[in-house]
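Each chain, written out:
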Amino acid sequence: LPVAGNLRWSALAAGWLRTCGLATDHNVYCWGLPHWQDPRGSSSVPLSIGTGIPEFASLTQGWQGTTCGITLLGEAWCWGLLIGENGYYSEVPVRVAQGISFAELSVGEGHMCGFTTGKELYCWGYNETGAVGLGTLEFHYGLPQLVRLP
């Protein structure tokens, strides 16, 4: 079935209760339920994630509607749960870090990881189970942390 609207798509990222699509003009649209506590409710049609956002090259999505994308310049931007230094919810994209150029991202259950263009691995987010890979159980890392082999 076609998705509502006259948009043409280059990539999709389907996650928990919502889908986001990368249109051929590099803008991102999402539909479904942004987060189970979001007071705005769900949308059955694609809605733009906002204005003034850089153009994206790729998207990935995970738990609780957390979505991340890599811009055409290699910057990681995320929205949803556990984004940023304080681990908050944001329905608009937030740049993850400056000075790191990502080639690939993956979103898990509240944590995110990505390979840089230099093949380094960075992770951030919820870490109570050690998912960030730093050898600790510290609750949350808001900024990307370089993951090194022991």
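On a predicted model such as this, the values are computed, not experimentally measured, just so you know.

**Observations regarding the pairing of strand β11 (residues 121–126)**
Pairing analysis gives 5 bridges linking strand β10 (residues 111–116) to β11, with the strands arranged antiparallel. The residue of β11 that forms the bridge with Gly114 is Tyr122. Hairpin connection of β10 to β11: 4 residues between the antiparallel strands, including Lys119 at a positive phi of 70°.

**Observations regarding the pairing of strand β3 (residues 28–32)**
With 5 of 5 residues buried, β3 lies mostly within the body of the structure. Connecting the antiparallel pair strand β2 (residues 18–23) and β3 is a turn made up of 4 residues, with His26 showing a positive phi of about 75°. Strand direction decides the pairing type here: β3 and strand β4 (residues 43–48), joined by 3 bridges, are antiparallel. Bridge pairing in β4 places Gly32 opposite Ser43.

**Description of the sheet that holds β3**
A sheet is described by the order of its strands in space; here 4 strands give the open sequence β1-β2-β3-β4, paired in antiparallel fashion. Only two strands of the sheet have a single partner each, and these edge strands are β1 (9–14) and β4. Strand-to-strand, the axes of this sheet are offset by a mean angle of 20°, without reference to chain direction.

**Comments concerning the environment of Val28**
Assignment of secondary structure puts Val28 in strand β3. Judged by relative accessible area, Val28 falls into the buried class, the value being 3%. It is 9.8 Å that separates the C-alpha atoms of Val28 and Pro54, two residues lying 26 residues apart in sequence. Setting aside residues no more than four positions away along its own chain, Val28 makes contact with Cys20, Gly21, Leu22, Leu47, Ser48, Ile49, Phe56, Leu59 and Trp79.

Rules behind the numbers
Residues numbered from 1 in each chain as written. Predicted model: local features only at pLDDT ≥ 70, side-chain atom pairs only at ≥ 80, totals over all residues. Heavy atoms only, no water. Pairing = 2+ DSSP bridges. Helix = DSSP H or I, 4+ residues; strand = E, 2+ residues; numbered from the N terminus. Buried < 20%, exposed > 50% of the residue type's maximum accessible area, 1.4 Å probe, protein only. Axes fitted to C-alpha atoms, helices over the stretch in contact; angles between N-to-C directions. Contact = heavy atoms within 4.5 Å.

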